[in-house]
Amino acid sequence: AEAGIVGAALKEDGGGLGLGFTELALTLEQVGAYVAQVPLFETILCAALPIDEFGTDEQRQRILPDIAAGRTLITAALVERGRDDLRRPTATWNGATVSGTKTNVPFADNASLIVVPASGPEGVVLLLVEPKNATLREGTGTNGMPLFEVELSNAPAEVLTTDPDALGWILDRALTGLAATALGVSGKALKLSATYTTGREQFGRP
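No experiment lies behind these values; they were computed from the predicted model shown. (Residues numbered from 1 in each chain as written. Predicted model: local features only at pLDDT ≥ 70, side-chain atom pairs only at ≥ 80, totals over all residues. Heavy atoms only, no water.)

Draft legend 1. Main features of unusual backbone geometry. The backbone phi angle of Phe107 is positive, close to 60°, even though this residue is not glycine. Positive phi is not limited to glycine here, since Asn154 has a value of about 50°. Assignment of secondary structure puts Asn154 in strand S7 (residues 146-156). (Helix = DSSP H or I, 4+ residues; strand = E, 2+ residues; numbered from the N terminus.)

Right under this line is the structure:
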């Protein structure tokens, strides 16, 4: 954060460096290469970038500077159990509160806000929910990282955007970010394997 890497992809008026998504993908590749437990994907790509892109000036100035400085975390609740089409969430928004259950939400216990897609009367909306207004149940991902089930029952929420394309905007970038991370993991594994193989001796021979 002190080097500006956390906020590199965020716009300058939100406390970032304004470098954009390509630079974030390159950084995620290095996160993958070193299996670094740094929540760039969860906090920046899935949650902060949508606020930077779709939020009001007030929301951006209130939320983003602390994230860019590494003082706070936010996360996104994009997954629902048994739901293959993430672009059509079953969580419901009635104009004031949101109800539904999200799964596999990283850092929900440490986040100040959760970006929550929901279906409202006029289509899909993105909401900002404070974790204190949800019920959290902790589980564990295959990589050992805590993941939470987030149950929302008439939880008060703040509208981030009603743009019908916003959720797809997030999901497209999330898939690309996961691919960049996987590229880092596999690339480093290949280099380690090649180094080991070229230096290994078997029965006294290389």
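Draft legend 2. Spatial organisation of the pattern of salt bridges. Using the criterion set out here, one finds 12 salt bridges in the structure. Residue Arg137 pairs with Glu149 through a salt bridge whose shortest N-O separation is 2.8 Å. Of this pair, Arg137 sits in strand S6 (residues 135-140) while Glu149 sits in strand S7, and the two are 12 residues apart along the sequence. Its relative accessible area of 38% is what places Arg137 among the partly exposed residues. (Salt bridge = Lys/Arg side-chain N within 4 Å of Asp/Glu carboxyl O. Buried < 20%, exposed > 50% of the residue type's maximum accessible area, 1.4 Å probe, protein only.)

Draft legend 3. Structural detail: the nonpolar core. Residues Ile44, Leu45, Leu49 and Ile74 are the most contacted members of the largest nonpolar core, which totals 36 residues. Counting only elements with at least two residues in this core, the list comes to helix H1 (21-33), helix H2 (40-54), helix H3 (57-68), strand S1 (73-76), strand S4 (111-120), strand S5 (123-129) and helix H4 (166-199). Counting residues per element, this core draws most heavily on H2, at 10 residues. Those residues in contact with Ile74 that lie beyond four places of it in its chain are Glu42, Thr43, Ala47, Ala48, Ile51, Ile63, Ile67, Ala111, Ser112 and Leu113. Membership of the second largest hydrophobic core comes to 17 residues, among which are Trp93, Val116, Leu127 and Leu152. (Core = buried A, V, L, I, M, F, W, Y, C linked by side-chain atoms within 4.5 Å. Contact = heavy atoms within 4.5 Å.)

Purely geometric numbers; function is a separate question.
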